[in-house]
Amino acid sequence: MQTLRRRLTAIVTDEGDTDPCGCTTAFDGETLQVDASACEETGQLSTSADCRETVVDALTDRDAAVVSVQTAGVERLYESDGVGLLVAAGRFVEAVRHRDERLAKRTARDPLAGAREATGRADAVSDIAAETGLAEAAANATEYESMLAPRVGLTISDWLVDTSPPPDGKLTDVKELSTGDTARLYDTNDTGRYVLAPLGQRLDDADAALLARAYEQLATGLIDGGSRAPRRALRHVIAEGSDDTTPSQTIEHLVRILTRHTRGCGLLSALFADPELSDVFVTAPAHENQLRVTVGDRTMPTNVRLTDRGVEAFAARYRRESGRGFSRADPTLDAATTINGRRVRVAGVTEPVSDGIAFAFRAHDRDAWTLPALLANQTLTADAGAVLSLAVERGAAVLVAGPRGAGKTTLLSALLPELPPTVRTIVIEDAPELPVSQLQAHGRDVQALRAASEAGDLSATEAVRTALRLGDGALVIGEIRGEEAQSLYEAMRVGANSEAVLGTVHGDGADAVYDRVVTDLGVSPTSFGVTDLIVTLERTAAGTRRVSTIEEVPDGQSDGFARLFDRSTGALRSTGRLDRGNATLVETLCRPEETYAEVRQALTDRSEKLNDFVRTDRTALDAVTARRQSRS
């Protein structure tokens, strides 16, 4: 509903619902939709007084939580304090117009100037400014550039980007990503901020409009044909124009953008183009929360949000790709995908366990982790790495424990190359995270089994039993968390598996792991006693992932664990149990006719080798597998 003033303007100009600036307005729930396609100022509220006047006039009738301005294939979304100022200005204009028409018009075009004049008066106008909220909304604002800084997105996109840098930020790094996007890292007063400048952020109106028309061709099915459809759609809309002069370089640029938002993963592909970025978190409700990312050891907010339409699209996509239900009846999702060449695990939740749909995306590095690489980033020491390397090589049962995000899967991945090259390895996972294909490419005999909880899938227990029938060798379980633990430990107890058994489990230390496996998962204490080592990782307050303890189960006991390494002095150090000659593990690792002292010397030699690999920067998988081949 328009105000009387706007209706009179429309009659005089004979432009229907079009305001003098060219914008038209309409409400959609709590959102004021502004169509600026006929506006010379393109609906820029921070710079155009005419456009501000159009929006404020619309807000004299009713409030809005969001103002969405669309023009030439671009959407600008105004929220929070900026919309609060415009809404307050609308209330003030409606209330003060009969007293002071001049001030009402001034406030509609320039709310900050109108607020300053109104609050400086000594009559009823000042009271009206306070009652309508205009005085408060304008109290700490000095200019429109930051007050009315919108989140910007292409209309073809499910993403919105805040284009303004953090006001308290200090730029510390600029990354030109392989995808053509730019990432800027800022130090702020709290957690820092990751600011993405994506492809398409600075498109001119003509190119943005081309994208919008090409997207419509795809959305309506007029153009189809898989991966090449975006290119054909763009060529089609260009050919429809009267002047086909779009440079080929521009077309290629637009094809990349259109493909990203129709056939790809949107801005996830830009984020995961940063090799230092490992996690992306979408928190419900998605449209209200910025994405957060983990870069190195820091988790911080970004300038990017996923729309409700976008989060629903991701839910449908991963529901389809995983073949699993993701709904109120089955409100959790565990899937895997590939984004920008990186393997990414996708965890999701939805109602009723969450207030809407939320996702956590975790990337696994293109190159598999190795023990020398973990030494290089100080996850563990060479002495500790030597113990783990020899234990895995000689068939020990090793559990890697810790809370979520501590690096359990990373360490488990690094242990796999330590298996002898001739050993057949069966890997059981519900979502692929371990470097199976990389190890196969290096000549290793690794067989992956997919275990899932959906009806008709191979259960984790069935997967363990199947693995034991697929050939004698090492057994690796991505995460031990259900009834499969009983089958696994029974097989270990009776010697059904001759090589190493490796897996991860949630728990903070050996005592917690014992409670988890025996009390919660129903493994008998006798069976648990075949465990040789429990390696616990932690994540520090600064975000660093590191090994905190390595504990053994002496003489097959199921409790009374003995620490071989811990951080009681701050750094990861040996407790002296190995040096004193009373470590059960060393006796377990002794080959026939090999003495305790000889095993200790083997550990020393391996520690020196690991240090040498770090010193000479040979931490990649190919170098480590070559070392293992030379030992076989």
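The structure presented is a predicted model; accordingly, all values stated were derived computationally and were not measured.

Rules used throughout
- Residues numbered from 1 in each chain as written.
- Predicted model: local features only at pLDDT ≥ 70, side-chain atom pairs only at ≥ 80, totals over all residues.
- Heavy atoms only, no water.
- Helix = DSSP H or I, 4+ residues; strand = E, 2+ residues; numbered from the N terminus.
- Buried < 20%, exposed > 50% of the residue type's maximum accessible area, 1.4 Å probe, protein only.
- Areas by Shrake-Rupley, 256 points an atom, 1.4 Å probe, with all protein chains shown as cover.
- Lys, Arg positive; Asp, Glu negative; His and termini not counted.
- Charge placed at Lys NZ, Arg CZ, Asp CG, Glu CD.
- Pairing = 2+ DSSP bridges.
- Contact = heavy atoms within 4.5 Å.
- Axes fitted to C-alpha atoms, helices over the stretch in contact; angles between N-to-C directions.
- Phe/Tyr/Trp six-rings, centres within 6.5 Å; stacked < 30°, edge-to-face > 60°.
- Patch = residues over 30% accessible without salt bridge, like charges linked within 9 Å, V, L, I, M, F, W, Y side chains within 5 Å.
- Salt bridge = Lys/Arg side-chain N within 4 Å of Asp/Glu carboxyl O.
- 1 Å grid on protein atoms, 1.4 Å probe; cavity = no way out; pocket = protein on both sides within 12 Å on 5 of 7 lines; lining within 4 Å.
- Points joined across faces, edges and corners; volume = space filled by probe spheres on them.
- Nonpolar A, V, L, I, M, F, W, Y, C, P; charged D, E, K, R; others polar.
- Expected span 1.5 Å × (residues − 1).
- pLDDT = per-residue confidence, 0-100.
- Parallel < 35°, antiparallel > 145°, perpendicular 65-115°, else oblique.
- Left-handed = near helix turned anticlockwise from the far one by under 90°.
- Core = buried A, V, L, I, M, F, W, Y, C linked by side-chain atoms within 4.5 Å.

Student: So what exactly am I meant to see when it comes to the overall build of the protein here?
Tutor: Looking only at helices and strands, the protein has 24 helices and 25 strands in total. Structurally, the protein occupies a C-alpha span of about 105 × 60 × 50 Å along its principal axes. Of all 632 residues assigned to the protein, the portion counted as buried reaches 53%. Entry remark: accessible area of the protein is about 27,600 Å², with carbon and sulfur atoms responsible for 46%. Between the averaged position of the 71 positive side-chain charges in the protein and that of its 96 negative side-chain charges there is a distance of 3 Å.

Student: Looking at this model, I keep getting lost on the sheet that holds strand β22 (residues 533-539). Mind explaining?
Tutor: The strands making up a sheet are joined through hydrogen bonds of the backbone, oriented either antiparallel or parallel. Strand order across the open sheet formed by 9 strands is β19-β18-β20-β21-β17-β22-β23-β24-β25, with mixed pairing between neighbours. Since the sheet does not close on itself, it has two edges, and those belong to β19 (446-450) and β25 (573-574), each with one partner. With 7 bridges joining them, β22 and strand β23 (residues 545-552) adopt antiparallel strand pairing. When the sheet's bridge partners are listed, R539 is paired in β23 with R545. Lying over the sheet, helix α15 (residues 382-393) contacts β21 (501-506), β22, β23 and β24 (562-566), oriented at roughly 135° with respect to β22.

Student: In this structure, what is going on with the sheet that holds strand β8 (residues 182-187)? I would like to understand it.
Tutor: The 3 strands are arranged β7-β8-β9 in an open sheet whose pairing can be described as antiparallel. Each end of this open sheet is capped by a strand with a single partner; those strands are β7 (170-176) and β9 (193-197). The sheet shows a mean angle of 20° between the axes of neighbouring strands, direction not considered. As judged from the 5 bridges shared by β8 and β9, these two strands associate in the antiparallel manner. Looking across to β9, one finds that L185 is bridged to Y194.

Student: What's the story with the side chain of R305 in this structure? I'm lost.
Tutor: Within the element layout of this structure, R305 appears in strand β13 (residues 304-306). Apart from residues lying up to four places away in sequence, R305 is in contact with L77, E79, R151, D158, W159, L160, A286, H287, E288, N289, Q290 and L291.

Student: I'm lost on the packing of aromatic side chains in this one. Help?
Tutor: Within a pair of aromatic rings, the relevant descriptors are the distance that separates the centres and the angle that separates the planes. All told, the structure shown has 12 aromatic pairs when counted by the stated rule. Taken together, a centroid distance of 5.8 Å and an interplanar angle of 5° make the contact between F314 and Y318 stacked. With F314 and Y318 both in helix α13 (residues 308-322) and 4 residues apart, this pair spans about one turn of that helix. Exposure class is identical for F314 and Y318. Each is buried. Seen from their ring centres, F326 and F359 are 6.2 Å apart, and the 45° between their planes marks the pair as tilted. Remark: F359 occurs in strand β16 (residues 358-364) and F326 occurs in the loop between α13 and β14 (332-339); sequence separation between them is 33 residues. As far as the burial class goes, F326 and F359 line up, both buried.

Student: How do you make sense of a negative patch on the surface when you look at a structure like this?
Tutor: A surface patch of like charges, here negative, comprises E288, D308, E312 and D355. One can find E288 in the loop between β10 (277-282) and β11 (292-295).

Student: It is not clear to me how the layout of surface pockets should be interpreted in this structure. Could you clarify?
Tutor: If a probe as big as a water molecule is rolled over the atoms, it shows which places are left empty. Of the volumes computed, that of the second largest pocket is approximately 1,100 Å³. The wall of the second largest pocket is formed by 43 residues, among which L77, Y78, E79, R151 and R305 lie closest to the centre. Its residues placed into classes, the lining of the second largest pocket shows 17 nonpolar, 15 polar and 11 charged.

Student: Could you clarify how one ought to interpret helix α9 (residues 205-219) in this entry?
Tutor: In this model, α9 (15 residues) spans 21 Å end to end at C-alpha, consistent with the 21 Å of a helix rising 1.5 Å per residue. Every buried residue of α9 is listed here: D207, A208, A209, L210, L211, A214, Q217 and L218. Summarising the contacts, the buried residues of α9 are in contact with β4 (74-78), β5 (151-154), α10 (229-240) and α11 (248-262). G221 sits one or two residues past α9 and shows a positive phi near 80°.

Student: Even after reading the chapter, I still don't get the confidence of the model for the protein, so can you show me in this structure?
Tutor: For residues with low pLDDT, the predicted coordinates do not support detailed interpretation. Per-chain confidence: the protein averages 87 in pLDDT, with 92% of residues scoring 70 or above. Under a pLDDT of 50 for its full length, residues 1-18 has, in the predicted model, 27 contacts with residues more than four places off or in other chains.

Student: Help me out: how do you make sense of the packing of α10 against α11 in this one?
Tutor: In helix packing, the relevant descriptors are the interaxial angle and the interaxial distance, both defined with respect to the helix axes. At a minimum axis separation of 9 Å, α10 and α11 run at an interaxial angle of 125°. Taken together, the axis directions place α10 and α11 in an arrangement best described as oblique. With respect to the hand of their crossing, α10 and α11 are arranged in right-handed fashion. For the pair α10 and α11, contact is made by P230, R231, L234, R235 and I238 and by I251, E252, L254, V255, L258, T259 and T262, respectively. Here the contact of α10 with α11 is composed, by residue class, of 7 nonpolar, 2 polar and 3 charged.

Student: What is the right way to look at the nonpolar core in this model?
Tutor: The nonpolar side chains of soluble globular proteins are, as a tendency, buried together. Ranked by size, the top nonpolar core spans 51 residues in total, and within it L380, L411, L502 and L533 carry the most contacts. If one sorts the elements of this core by residue count, α15 sits on top with 8 residues. Ranked by size, the runner-up nonpolar core spans 40 residues in total, among them L32, C39, V55 and A115.

Student: Even after reading the chapter, I still don't get the environment of G84, so can you show me in this structure?
Tutor: Here G84 is to be found in helix α3 (residues 80-96). When its relative accessible area of 32% is taken as the criterion, G84 is described as partly exposed.

Student: Is there a simple way to think about the environment of S548 in this case?
Tutor: Structurally, S548 can be placed in strand β23. S548 sits 23 residues away from A571 along the chain, and the two C-alpha atoms are 8.9 Å apart. Non-local contacts of S548, meaning those with residues more than four positions away in its chain, are made with T536, L537, E538, F565, D566, R567 and L572.

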